[in-house]
Amino acid sequence: MKRLRGRVSVVMPAYNAAETIESSMRSVLDQRHADVELLVVDDGSRDGTQAIVERLASQDRRITAIQLPSNGGVSTARNTGIEAATGEYVAFLDSDDRWHPDKLKVQLAAMREAGVQVGYTAYQRVDPEGRVLSTVRPPASVRYAGMLKGNCIGNLTGLYARALGEVRFPRAGHEDYVFWLRVVRLAGQAICAQPDHPLAYYLVRSGSLSANKWRAARWQWRIYRDYEGIGVLPASWYFVNYAANAVMKRM
């Protein structure tokens, strides 16, 4: 197969992630699409996170270590990484999640074949022991109207071309959803590479923000009304679709 060109800037926010960050970083460095830069943004960690990042950075020049003076939150960390990125594409991976080695290679090939600027993949939700809780298989493609029914793009799977323009994460609940809504609106369409084959692994922790369903529901409603400016009736219709999709995602 012809080697695909195009540097991918991978933004990894980190906060007190000493237990998991090395595995997450190595899953980026071990990609079969090797033209990556890994921007690790330490968001004011108080454990050994920075020491691990610096050790790995001394071994692999593809790593850029960025240390924030204090904890500013995940949106600030991701935006800092985006601003430092030099690649043609940008992707995101949190410091406790992992990628399959073929993730970027397969994804870039699918995007280029389809002629689109945004891609995503299926992924598995796993517990801290590595047991698979569920597999999230998103639709083969999605447009903005489809994204309003629920976020088809797991943030750890999303990849977009920087040629789309400068997009940033807001300081809000479901900040990743707002981000990908804006990206898909700009691109017109996003596609899934190999919908039946998970290429990423999302760690589920008890008590995490994503596990608080009532809070998530409030955030979702606010996105429809405050960020997207959708009226009450259509927002209600989209919210019903969101709730149904959330249930299906965990089955």
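Residues numbered from 1 in each chain as written. Predicted model: local features only at pLDDT ≥ 70, side-chain atom pairs only at ≥ 80, totals over all residues. Heavy atoms only, no water.

Colleague: What exactly am I supposed to notice about the packing of aromatic side chains here?
Modeller: Given two aromatic rings, their pairing is described by the distance between the two centres and the angle made by the two planes. Taken as a whole, this structure holds 9 aromatic pairs when the rule is applied. Each ring, one from F92 and one from W180, has its centre 6.2 Å from the other, and the planes form 80°; the classification is edge-to-face. With F92 in strand β4 (residues 89-92) and W180 in helix α6 (residues 175-187), the pair connects residues that are 88 residues apart, well separated along the chain. In textbook terms, an aromatic cluster arises when at least three aromatic residues are bridged by ring pairs, as seen for F92, Y160, F169, F179 and W180. Here K103 stacks its cationic end above the ring of W99, 4.3 Å away from the centre of that ring. (Phe/Tyr/Trp six-rings, centres within 6.5 Å; stacked < 30°, edge-to-face > 60°. Helix = DSSP H or I, 4+ residues; strand = E, 2+ residues; numbered from the N terminus. Lys NZ or Arg CZ within 6 Å of the ring centre and 35° of its normal.)

Colleague: Looking at this structure, I do not really get the packing of α6 against helix α7 (residues 213-227). What am I missing?
Modeller: To describe two helices that pack against each other, one gives the angle between their axes and the distance between the axes. Contact geometry for α6 and α7: axes closest at 11 Å, N-to-C directions at 45°. Taken together, the axes of α6 and α7 lie oblique to each other. When you trace α6 past α7, the crossing you get is right-handed. Within the contact between the two elements, α6 uses Y177, V178, L181 and R182 and α7 uses Q220, I223, Y224 and Y227. Of the residues contributing to the contact of α6 with α7, the split by class is 6 nonpolar, 1 polar and 1 charged. (Axes fitted to C-alpha atoms, helices over the stretch in contact; angles between N-to-C directions. Parallel < 35°, antiparallel > 145°, perpendicular 65-115°, else oblique. Left-handed = near helix turned anticlockwise from the far one by under 90°. Contact = heavy atoms within 4.5 Å. Nonpolar A, V, L, I, M, F, W, Y, C, P; charged D, E, K, R; others polar.)

Colleague: It is not clear to me how the side chain of E37 should be interpreted in this structure. Could you clarify?
Modeller: Position of E37 relative to the elements: it lies in strand β2 (residues 36-42). Put simply, E37 is tucked away with no salt bridge, and the nearest opposite charge, on R7, sits 4.7 Å away. Of the polar contacts made by the side chain of E37, one reaches the side chain of S9; its length is 2.5 Å. Look past the residues within four positions of E37 in its chain and what remains in contact with it is R7, V8, S9, V10, R62, A84, A85, T86 and G87. (Buried < 20%, exposed > 50% of the residue type's maximum accessible area, 1.4 Å probe, protein only. Lys, Arg positive; Asp, Glu negative; His and termini not counted. Salt bridge = Lys/Arg side-chain N within 4 Å of Asp/Glu carboxyl O. Polar contact = N/O pair within 3.5 Å; in protein donor to acceptor, adjacent residues only side chain to side chain.)

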